[in-house]
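Structure assessment
Take a look at the letters that make up each chain.
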Amino acid sequence: MKNNYKLLDVKNLRTAFNVEGKDVTVVNDISFNLSPGEIVGLVGESGCGKSVTALSLMGLVPDPPGKILGGEIFLEGKDLLKFSESDMEKVRGKEIGMIFQEPMTSLNPVLTIGKQITEILELHQDMSKEEAINEAIDLLKLVGLTDPELRINDYPHKLSGGQRQRIMIAIALSCKPKILIADEPTTALDVTIQAQILELIQKLSNELGTSVILITHNLGILARYAHKINVMYAGHLIESGTTDEIFYNPKHPYTAGLLNSVPRLDLDPNIELPTIKGEVPNLAEFNEGCIFKTRCPNPTNNCKDGKSEMGLIEVEPGHLVDKCCVNCK
Amino acid sequence: MYKYIFRRISLSIPTLIGVSILIFFFMRILPGDVVDAMVTDETGALVFTDAQVESIEESLGLNRPLHIQYLGWMKDVVAGDLGYSFWTKISVGEHVRRRAPMTLEIAVLSLIISWIIGLPVGILAAINRNSLRDYISRGIVILFLAIPSFYAALGFLIFFVLVFTWRPPVEVIFFWQNPIQSLYVALPAAVAIGTGMAAVVARMARSSILEVIREDYVRTAKSKGLTKRTIINRHVLKNALIPVVTISGLQFGNLLSGVIAVEAALSIPGLGVLLAQGLADRDWMIIQNLVLIFAFLFILINLLVDISYSLIDPRIRYD
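Conventions we followed
Residues numbered from 1 in each chain as written. Chains lettered and ligands numbered in written order. Predicted model: local features only at pLDDT ≥ 70, side-chain atom pairs only at ≥ 80, totals over all residues. Heavy atoms only, no water. Helix = DSSP H or I, 4+ residues; strand = E, 2+ residues; numbered from the N terminus. Rg over C-alpha atoms; globule rule 2.2 N^0.38 Å. Buried < 20%, exposed > 50% of the residue type's maximum accessible area, 1.4 Å probe, protein only. Contact = heavy atoms within 4.5 Å. Lys, Arg positive; Asp, Glu negative; His and termini not counted. Charge placed at Lys NZ, Arg CZ, Asp CG, Glu CD. Expected span 1.5 Å × (residues − 1). Axes fitted to C-alpha atoms, helices over the stretch in contact; angles between N-to-C directions. Left-handed = near helix turned anticlockwise from the far one by under 90°. Core = buried A, V, L, I, M, F, W, Y, C linked by side-chain atoms within 4.5 Å. Buried area = accessible area lost by both parts, 1.4 Å probe. Salt bridge = Lys/Arg side-chain N within 4 Å of Asp/Glu carboxyl O. Polar contact = N/O pair within 3.5 Å; in protein donor to acceptor, adjacent residues only side chain to side chain. Nonpolar A, V, L, I, M, F, W, Y, C, P; charged D, E, K, R; others polar. Patch = residues over 30% accessible without salt bridge, like charges linked within 9 Å, V, L, I, M, F, W, Y side chains within 5 Å. Areas by Shrake-Rupley, 256 points an atom, 1.4 Å probe, with all protein chains shown as cover. Phe/Tyr/Trp six-rings, centres within 6.5 Å; stacked < 30°, edge-to-face > 60°. Lys NZ or Arg CZ within 6 Å of the ring centre and 35° of its normal. Pairing = 2+ DSSP bridges. Right-handed = clockwise from strand over helix to strand, strands pointing away.

What follows concerns the overall build of chain A. Looking only at helices and strands, chain A has twelve helices and twelve strands in total. Against the globule reference of 20 Å for 329 residues, chain A gives a C-alpha radius of gyration of 21 Å, in line with a compact fold. For chain A, the proportion of its 329 residues judged to be buried stands at 51%. Residue pairs in contact within chain A that sit at least 24 positions apart in sequence constitute 65% of those at least 6 positions apart. Distance between charge centres in chain A, computed from 33 positive and 44 negative side chains, equals 2 Å.

Right, let's get into helix H7 (residues 149–164) of chain B. Residues and elements named next belong to chain B. Taking 1.5 Å as the rise per residue, H7 with 16 residues should run 22 Å; its terminal C-alpha atoms sit 21 Å apart, in good agreement. Those residues of H7 that are buried lie in contact with helix H8 (179–213) and helix H10 (228–265). Count one or two residues on from H7 and you reach threonine 165, which has phi positive near 45 degrees.

Between helix H5 (residues 92–127) of chain B and H8 of chain B, whose axes approach to 5 Å, the crossing angle comes to 35 degrees. When the axes of H5 of chain B and H8 of chain B are compared, the crossing they make is right-handed.

Turning our attention to the nonpolar core. Judged by nonpolar contacts, the single largest core of 93 residues is most densely connected at Leu8 and Ile181 of chain A. Each residue touching leucine 8 of chain A, except ones within four places of it in the same chain, is listed here: Phe32, Asn33, Leu34, Leu57, Ile73, Phe74, Leu75, Ile179 and Ile213 of chain A. Formed by 55 residues, the second largest nonpolar core is a distinct cluster that contains Val34, Leu62, Met74 and Leu292 of chain B.

All names here are of chain A. Topologically, valine 40 is positioned in strand E3 (residues 39–43). Between the C-alpha atom of valine 40 and that of threonine 105, which follows or precedes it by 65 residues, the distance is 26 Å. Beyond its immediate stretch of four places on either side in the chain, valine 40 contacts Asn33, Leu34, Val212, Ile213, Leu214, Lys228 and Asn230.

For an interface, size is often stated in terms of accessible area lost upon the parts coming together. With 19 residues of chain B at the interface, the matching set in chain A holds 27 residues. Summed over both partners, the interface of chain B with chain A buries about 2,000 Å², with 60% contributed by carbon and sulfur atoms. A salt bridge links lysine 224 of chain B to glutamate 119 of chain A; its shortest N-O distance comes to 2.7 Å. Linking chain B to chain A there are eleven residue pairs in polar contact (both at pLDDT 80 or more). For the side of chain B that touches chain A, the elements supplying multiple residues, two or more each, are helix H9 (216–223) and H10 of chain B. Looking at the side of chain B that touches chain A element by element, the count peaks at six residues for H9 of chain B. Partitioned by chemical class, the residues of the side of chain B that touches chain A number four nonpolar, six polar and nine charged.

All names here are of chain B. Taken together, Ile158, Phe159, Leu162, Val163 and Phe164 make up a surface patch of nonpolar side chains, about 540 Å² in accessible area. Mapped onto the elements, leucine 162 comes out in helix H7. Judged by relative accessible area, leucine 162 falls into the exposed class, the value being 65%.

Take the packing of aromatic side chains next. What the rule picks out here adds up to eight aromatic pairs over all chains. An angle of 85 degrees between the planes, with centres 5.2 Å apart, marks the rings of tyrosine 233 of chain A and phenylalanine 292 of chain A as edge-to-face. Of the two residues, tyrosine 233 of chain A sits in strand E9 (residues 228–233) while phenylalanine 292 of chain A sits in the loop between helix H11 (253–260) and helix H12 (301–304), which places them 59 residues apart along the sequence. Accessibility classification places tyrosine 233 of chain A together with phenylalanine 292 of chain A in one group, the buried group. Look at tyrosine 254 of chain A and phenylalanine 292 of chain A: their rings are 5.8 Å apart centre to centre, the planes differ by 70 degrees, and that puts the pair in the edge-to-face class. With a gap of 38 residues between them, tyrosine 254 of chain A in helix H11 and phenylalanine 292 of chain A in the loop between H11 and H12 connect regions that are remote in the sequence. When sorted by exposure, tyrosine 254 of chain A lands in the same class as phenylalanine 292 of chain A, which is buried. The rings of Phe24, Phe25, Tyr70 and Trp73 of chain B are connected pair by pair, giving a single aromatic cluster. Arginine 28 of chain B extends its terminal NZ or CZ atom over the ring of phenylalanine 24 of chain B, reaching a point 3.7 Å from the ring centre.

So, on to the pattern of salt bridges. Where charged atoms from two side chains of opposite charge approach closely, those side chains can pair. Residues and elements named next belong to chain A. Within this structure, the stated rule accounts for 21 salt bridges over all chains. Glutamate 85 is the partner of arginine 92 in a salt bridge, and the nearest nitrogen-oxygen pair spans 3.3 Å. Put simply, Glu76, Glu95 and Lys178 are held in one network by salt bridges that share partners.

Residues and elements named next belong to chain A. Looking at where asparagine 230 falls in the secondary structure, it is placed in strand E9. A residue is classified by how much of its surface remains accessible, and asparagine 230, at 3% relative accessible area, is buried. Excluding residues that lie within four positions of it along the chain, asparagine 230 makes contacts with Phe32, Val40, Gly41, Leu42, Val43, Leu237, Glu239 and Ser240.

All names here are of chain A. Most of strand E7 (residues 179–183) is tucked away: five of the five residues are buried. Alternating residues of E7 divide into Ile179, Ile181 and Asp183 and Leu180 and Ala182, and every residue in both groups is buried. Direction of pairing for strand E6 (residues 96–99) relative to E7: parallel, over a ladder of four bridges. Bridge pairing in E7 links isoleucine 99 to alanine 182. As defined by bridge partners, E7 adjoins strand E8 (residues 211–216) across five bridges and the pair is classed as parallel. By the bridge assignment, leucine 180 is partnered in E8 with valine 212. On the question of chirality, the crossover connecting E7 to the parallel E8 by way of helix H8 (residues 191–208) is right-handed.

Take the sheet that holds strand E2 (residues 22–34) of chain A next. Residue and element names in this part refer to chain A. Read from one edge to the other, the open sheet built from four strands follows the order E2-E1-E4-E5, with strand pairing classed as antiparallel. Either end of the sheet is taken by a strand with one partner, and the two such strands are E2 and strand E5 (78–79). One ladder, built from nine bridges, connects strand E1 (residues 8–19) with E2; its direction is antiparallel. Looking at the pairing, leucine 13 lines up with isoleucine 30 of E2. In the packing of helix H1 (residues 50–58) onto the sheet, contacts are made with E1, E2 and strand E4 (66–75), and the angle to E1 comes to roughly 110 degrees.

Structural data, given as structure tokens:
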């Protein structure tokens, strides 16, 4: 399943938002790649730029205030950032599907479920109305919805959050895209439903050969479902590697801190959970140097002075860490 | 659904009673009554003797105590009898039958015009937000909001007369008699009222669309690769429609007051002119009954607006 062919290759992506007349870079020099059939996790705390990265891939960064400043996003060798809007319309939904955090608000309340699935089939697959309806019923069966023949005439408000997320998955995978971006797909769902939805995504990824970018702040989810993990902090990619490497051999103090702060059943419940000291810097005020310097347990003098330069280096084959913090742990 | 409609209509009865009490007593509190208007000449001097004045008051029933007059009127209204004009002695019902069709034609046309101008302008302004097009359309919208409809009517009148050598028609032609000729009479009035209403529709449509565009499901629609046009037409418009329909219903009140001035400006003999004439003559029977009819129409239109919500948004049910 895993091979070296890069289906998606993101290079030095930079996306900024204009805040009160000033460009604030919220995705800063991000590079990662994706092989066919692979599930890659993108993890980090709220506001670290995970979702903006995803929207950048889709060409859906709200402009204004957002803007992609630079970088390259190669999908099968073609740079999406050079695509025109009408070319991107043929990529969205067809080559890259996306599901979102909020299933309750992600479906249009005034259109039937059927209409919301068939419109994408008619658009990208050149299907007639009847073909699209039959395909929509098959898709609803595929994502495990009961009575799909009846469901297609229902409006979204009649369905639960889990059912709606299944429909979102059906929509996102309807045109057999090469990549599925799942942006916190289970954050708004009950825990039992969370597992079902993730199992479904994994199963469909296996069956259809779809690569998945799984965005989450939940490390537990990634441990179970992801092949590779990219850790983001304040707009920067600070560590990247296979799931085993990240969990058993974290190099960056932030990654290690995240792992330590996960509650575990086998530890004494009376001991307070370790936390990462300090706060995420305000990106609008941050000037230079290592982004992690304010929270680093062992900053060098260079770091403190803001003279260190960031950038990933390979510490072991396939395991990349930001060079400022290789030895900070 | 029928239960809801029945409940809404029952609830409109106290409203109408309130309106009737207000208009009845306002007419009588205001200085000058119909007898003054009848018995004095232009200089204000009495031309009748006291005995004649009394006999006129008696014949019109105005010498009775106020509450008896009010209850008598209400009894007649419930029986479907709108009484007689103090001056012409023609029944108010007959007046309304003759004049209502023209006014309704103007009203419906104004509403149509307000939508076919207002909605596209609102959409254009919203999707080109903060661009030159947005600023221009917003400027024009504010201009039309600021112009009173009777003033716009005079402007259009001059424009039509000078540019199209249009002449105000001398007779009223009803729509079912000759639609084209009838539109010839009604259209200038409808344009004058409709453009002002279009401005309100455009403003509401713009802000409503801007709100809907930020919704998660519009992001979903974008992620499907739909074109901008499809996203606006299929995913945004229907969701943005409810506030626009609401404001359109409420504007029916403005429409009725606009009709009074515009019909007078263009000398179209409709209900508006009848009401204006009634006010000048202190013809209480005409004023009372017309105001009551206008109030009833306003309530009815807004009931229709409320019912239309369930057609637009499947989440809204009236059970």
